[in-house]
Amino acid sequence: MLPTVHIRKEALFAMIWSTFEVFKKECLGFVLGYRPTAKRNYFLVTDAISIAGLRRRLNTEVEWTRRTKRRFQRFRELINPMFPKHLGDFHSHPEWGDCKPLVIMSDFDIEQFIKNGYDLEFIIGISSRRKGQVFWEIQADGSLKGSFNSFNFHFNVYALVNDNSNLKPERLQIVAPEAIKALNRIQLKY
Ligand SMILES: [Zn+2]
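Residues numbered from 1 in each chain as written. Predicted model: local features only at pLDDT ≥ 70, side-chain atom pairs only at ≥ 80, totals over all residues. Heavy atoms only, no water.

(A) Geometry of the overall build of the protein. Each helix and strand in the protein was counted, giving 4 helices and 12 strands. Against the 2.2 N^0.38 benchmark of 16 Å for 190 residues, the protein shows a C-alpha radius of gyration of 16 Å, consistent with a compact globule. Dimensions of the protein, computed from the C-alpha atoms along their principal axes, are close to 45 × 45 × 35 Å. Among the 190 residues that make up the protein, the fraction classed as buried is 42%. A sequence separation of at least 24 residues applies to 66% of the contacts in the protein between residues at least 6 apart. For the protein, the accessible area works out to roughly 10900 Å², and carbon and sulfur atoms hold 53% of it. Across the protein, 29 positive and 20 negative side-chain charges occur, with their mean positions spaced 6 Å apart. (Helix = DSSP H or I, 4+ residues; strand = E, 2+ residues; numbered from the N terminus. Rg over C-alpha atoms; globule rule 2.2 N^0.38 Å. Buried < 20%, exposed > 50% of the residue type's maximum accessible area, 1.4 Å probe, protein only. Contact = heavy atoms within 4.5 Å. Areas by Shrake-Rupley, 256 points an atom, 1.4 Å probe, with all protein chains shown as cover. Lys, Arg positive; Asp, Glu negative; His and termini not counted. Charge placed at Lys NZ, Arg CZ, Asp CG, Glu CD.)

(B) Quick look at the coordination of the zinc ion. At this site the zinc ion is bound by His91 (NE2), His93 (NE2), Asp109 (OD) and Asp109 (OD), with donor distances of 2.0 to 2.6 Å. One way to put it: the 4 donor atoms around the zinc ion meet at angles of 55 to 155°, and that makes the site irregular. Here the donor residues of the zinc ion share one chain and are spaced in sequence as H-x1-H-x15-D. Residue His91 shares its accessibility class with His93, and that shared class is buried. (Donors = N, O, S within 2.8 Å, 3.2 Å for Na, K, Ca; no water. Tetrahedral: all angles 85-135°; square planar, octahedral: opposite > 155°, others 65-115°.)

Function-wise, these values are silent; they only describe arrangement.
Following this line, the structure appears as structure tokens:
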């Protein structure tokens, strides 16, 4: 069975901020946490950190600068003996004109994911919202949707699975009761 992905409130808030800050541009960052063990079949995402060293070509195309990539590899090696571990990356797919963001992995995303060989990749859809609020809720496909301020967010997390000796991304079930409770409490207040 595929592991689920438990996300701490702090990590989810950090990803919301990162996505929110640069909208309508794309954000990039990475997540830290704990891998599944024989006893518990889930990833625990404890932290999410934005990347500042970015090179933007278009709103929808953003890359780490070469220097950031190099430093990140070093950082990853240095923290490797410790916990929490680097589990993977996150990036946003902002709306484009009137188009709602697609939260599936693009061909480029899949290519990068396979090349990097990380455990997890988060894709966060963000679009503007005219009025009202939507409560945060886990969807039937395991993703997480809700609104924050005047934006709709859609969190998806993928892992690579072996499909007839081809690697393909599969969406994992998100578990985040504490974060959902806190986000829904914010909505009741404002
Ligand atoms: Zn993407």
